[in-house]
Amino acid sequence: KSTLIADALNARGAPQFWYHVDEGDADPSSLVSYLIELAERAGAREPFLPYLTSEHLAGVEAFSRHFFRSFFRRLPAGSVLVFDDCHRVDTPDFLTVLRVACEEVPPGMQVIAASRHRLPAALVGLAAKGVLSSIVARDLVLDLRETEAIVRAAGTPDAVRTEALHRLSGGWVA
């Protein structure tokens, strides 16, 4: 999933900012701190972004809305923010921050949330509104014709071996 996303973004030439989600991001304060570092690495020169401190924890959604409006202004036009490995955290606060990031992304920018699992219920509403799309494993599996095209492009067409390769891989490229 990560390689597929990176290859697609590299082909587009879009400025991309990767956030690798881990279990520590169950604490939204940690998540926000790392996003601030990411904005600074992007060369943000505007006034500082606010940290999520204890007085904001009761209003994570409102804080996140304000935060992402400011955050996205600091990224170059056409940027893509990738949250990779979202399956590692499924706490309500993390899902709130992720949902708000998707809702607040301005035109011309994009948020990608990559996960090994289906969208959690907290994000399904975004998919219904067309704000978030989902690609599941079966969307990435090649059929025999696609496997044959890859083998031909590699310069080693052999029908018997291609069928065996396809059968053994289950249609998976990697």
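Residues numbered from 1 in each chain as written. Predicted model: local features only at pLDDT ≥ 70, side-chain atom pairs only at ≥ 80, totals over all residues. Heavy atoms only, no water.

(A) Spatial organisation of the overall build of the chain. In terms of regular secondary structure, the chain is built from 8 helices and 3 strands. Each helix and strand of the chain, ordered N terminal to C terminal, gives the series α-β-α-α-β-α-β-α-α-α-α. Overall, the chain is about 65 × 35 × 30 Å in size when its C-alpha atoms are taken along their principal axes. Within the chain, the proportion of its 174 residues that are buried is 37%. Taking all contacts inside the chain whose residues are at least 6 apart in sequence as the whole, residues at least 24 apart take part in 68%. As presented, the chain carries roughly 10,200 Å² of accessible surface, and 55% of it is formed by carbon and sulfur atoms. (Helix = DSSP H or I, 4+ residues; strand = E, 2+ residues; numbered from the N terminus. Buried < 20%, exposed > 50% of the residue type's maximum accessible area, 1.4 Å probe, protein only. Contact = heavy atoms within 4.5 Å. Areas by Shrake-Rupley, 256 points an atom, 1.4 Å probe, with all protein chains shown as cover.)

(B) Structural view of the pairing of strand β2 (residues 80-84). Taking burial as the measure, the 5 residues of β2 include 5 buried ones, the bulk of the element. The alternating pattern of β2 places Val-80, Val-82 and Asp-84 and Leu-81 and Phe-83 on opposite faces, both of which are buried. Bridge analysis of strand β1 (residues 16-20) against β2 gives 5 bridges, and the strand direction is parallel. Bridge pairing in β2 links His-20 to Asp-84. Here β2 pairs with strand β3 (residues 110-113) via 4 bridges, running parallel. (Pairing = 2+ DSSP bridges.)

(C) Main features of the nonpolar core. Ranked by size, the top nonpolar core spans 34 residues in total, and within it Leu-35, Phe-67, Phe-68, Phe-71, Leu-81 and Phe-83 carry the most contacts. When residues of this core are traced back to their parent elements, those giving at least two are β1, α2 (28-41), α3 (60-73), β2, α4 (92-104) and α5 (121-129). Residues in contact with Phe-71, not counting those within four places in the same chain, are Leu-35, Leu-38, Ala-39, Leu-49 and Leu-81. Within the second largest apolar cluster, 7 residues are counted, among which are Ile-5, Val-80, Val-82 and Ile-112. (Core = buried A, V, L, I, M, F, W, Y, C linked by side-chain atoms within 4.5 Å.)

(D) Looking closely at the environment of Ala-159. Looking at where Ala-159 falls in the secondary structure, it is placed in helix α8 (residues 159-169). Residue classification places Ala-159 among the exposed positions, given a relative accessible area of 53%.

Worth remembering: the numbers are spatial, not functional.
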